[in-house]
Amino acid sequence: MKKVIAALLTIILILACTYAVIKPHSASTTEVTDSAEQPVVVDTHSQDGETTVGISMPDKLLERWNKDGAYLRTQFERNGCKVMLRYANNLIDTQIDDILYMIQEGADLLVIAAVDGSALTDVLEIARSANVKIIAYDRLIMDSDVVDYYVSFDNYKVGVLQAKYIIRILDLDHSDAARHIEFVTGDPVDNNARYFYNGAMDTIKPYLDSGKLIPLSGQVNFYETSTAQWSTDIAQQRLQIILNSYYPEGIQLDAVLCANDSTALGATRALESDYTSKNPVAVTGQDADIANIYNILNGTQGMTVFKALTEESVVTVTLALAILDGQTPSESLITNSDWSFKCTYNTTDYFNGQEIVPSYLLEPIVVTADNIESRLFDTGYYKRNSAGLIYAAK
């Protein structure tokens, strides 16, 4: 059955590509086929009793996506599923090709962490035609009414936690002294970056408005503070320019609000190479990457927001299995699963431009030097080998 389906899908894709060559092309390069003339794709659900799950991750550059892919594969395979796992190298077209391939190979359900949340509308229409269910993983997929569910952490709260750390560490509520801050936000095509930014800005804005916090660079809005592909190098280069332009010797920088650990790593490197004052600079992060754990321990990074990716994968797999069983999961999934961690069901806040996507949201936690042992090591997420080197244990 799958071979017949694969052949039909191949013919359809060839016809679509031929049509695109003949027709004057004015659409974006990520378009799969003209929606008005999109062919009907046959249902790819297998008839042999085999359950196939496709997992599409953005890249292998960030440590966290490697963990996500591994956790999800393991959990699905333990539950008897065949798994296809692909990484898109941060390329939109590659991810679209990966998704098409997995549909063609008979995927019953796709778990997608999008490279660009707004670029998958057309390929998801093909998934709909093939009766393939869609879970948006960690990043909300935009501009599509095909997304069945969204699983992530409370990404707005991530930004809130980062801002609250800076407010606390600089003692802004008990001091009238003006402090200097700079912002290093995330990838502008990653929808999550906006949630992080909005959470942080909504929390810290009163201090900016009152003059207690001043970014001497004047760079505050999302786009001018963003970091393409969450790149450590880009974050480092931008902050080096800011330091050399606005923070000469004698001008103190007090905090750098970084959206995640890869940008925080760039910020700490810039501070080491181009910052001349001797005061400690409060640097935030997210993800608890190993390099950043070392930096928290040695004092060059103040905090990271830790998200237990194993818990995210557990929720995703439980949800996927319920969907594949013909259920329509809701808040009862949380109650019936009896997880040992907190998760909430949200049907109001995650509008993707087409629909409000039912969402399962986990709780992020703040990790600092004060609680890093109890939060990361005592819980078994990280361990040290005999030489004292840190490694991810689960």
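This text goes with the structure placed above it.
Thresholds applied
- Residues numbered from 1 in each chain as written.
- Predicted model: local features only at pLDDT ≥ 70, side-chain atom pairs only at ≥ 80, totals over all residues.
- Heavy atoms only, no water.
- Buried < 20%, exposed > 50% of the residue type's maximum accessible area, 1.4 Å probe, protein only.
- Helix = DSSP H or I, 4+ residues; strand = E, 2+ residues; numbered from the N terminus.
- Pairing = 2+ DSSP bridges.
- Axes fitted to C-alpha atoms, helices over the stretch in contact; angles between N-to-C directions.
- Expected span 1.5 Å × (residues − 1).
- Contact = heavy atoms within 4.5 Å.

Trainee: Before we move on, could you go through the pairing of strand S12 (residues 359-362) and cite the residues and values that matter?
Mentor: Across a regular strand the side chains alternate sides, sitting on one face of the sheet and then on the other. Every second residue of S12 is oriented toward a common face, with Ser359 and Leu361 on one face and Tyr360 and Leu362 on the other, all of them buried. Pairing of strand S5 (residues 149-153) with S12, which is carried by four bridges, proceeds in the parallel orientation. Of the residues in S12, the one forming a bridge with valine 151 is tyrosine 360. Judged from the four bridges that link them, strand S11 (residues 343-346) and S12 form a sheet pairing that is antiparallel. When the bridges of S12 are listed, tyrosine 345 appears paired with tyrosine 360.

Trainee: Go over the sheet that holds strand S1 (residues 52-57), please, and point to the residues and values.
Mentor: The strands that make up a sheet pair up through hydrogen bonds in the backbone, lying either parallel or antiparallel. Strand order across the open sheet formed by seven strands is S2-S1-S3-S4-S5-S12-S11, with mixed pairing between neighbours. The strands lining the two open edges of the sheet, one partner per strand, are strand S2 (82-87) and S11. For this sheet, the mean inter-axis angle between neighbouring strands, taken without regard to orientation, is 20°. Where strand S4 (residues 133-137) lies against S5, three bridges are found, and the strand directions are parallel. Looking at the pairing, alanine 136 lines up with tyrosine 150 of S5.

Trainee: Go over helix H3 (residues 92-104) with me, naming the residues and quoting the values.
Mentor: The end-to-end C-alpha separation of H3 is 18 Å, in line with the 18 Å expected for 13 residues at 1.5 Å each. All of the buried residues along H3 are Gln95, Ile96, Asp98, Ile99, Leu100, Met102, Ile103 and Gln104. A positive backbone phi angle near 95° is found at glycine 106, which sits one or two residues after H3.

Trainee: Explain the sheet that holds strand S6 (residues 179-184) to me, using residue names and the numbers behind them.
Mentor: Read across the open sheet, the four strands follow the order S7-S6-S8-S9; overall the sheet is parallel. What marks the edges here is a single partner per strand, and that holds for strand S7 (213-214) and strand S9 (282-283). Bridge analysis of strand S8 (residues 255-258) against S9 gives two bridges, and the strand direction is parallel. Following the sheet pairing, alanine 255 is matched in S9 by alanine 282. Sheet strands touched by helix H8 (residues 232-246): S6 and S8. Its angle to S6, the strand with the most contacts, is close to 150°. Its contacts with the sheet place helix H9 (residues 261-274) against S6, S8 and S9, and it is angled at close to 155° to S8.

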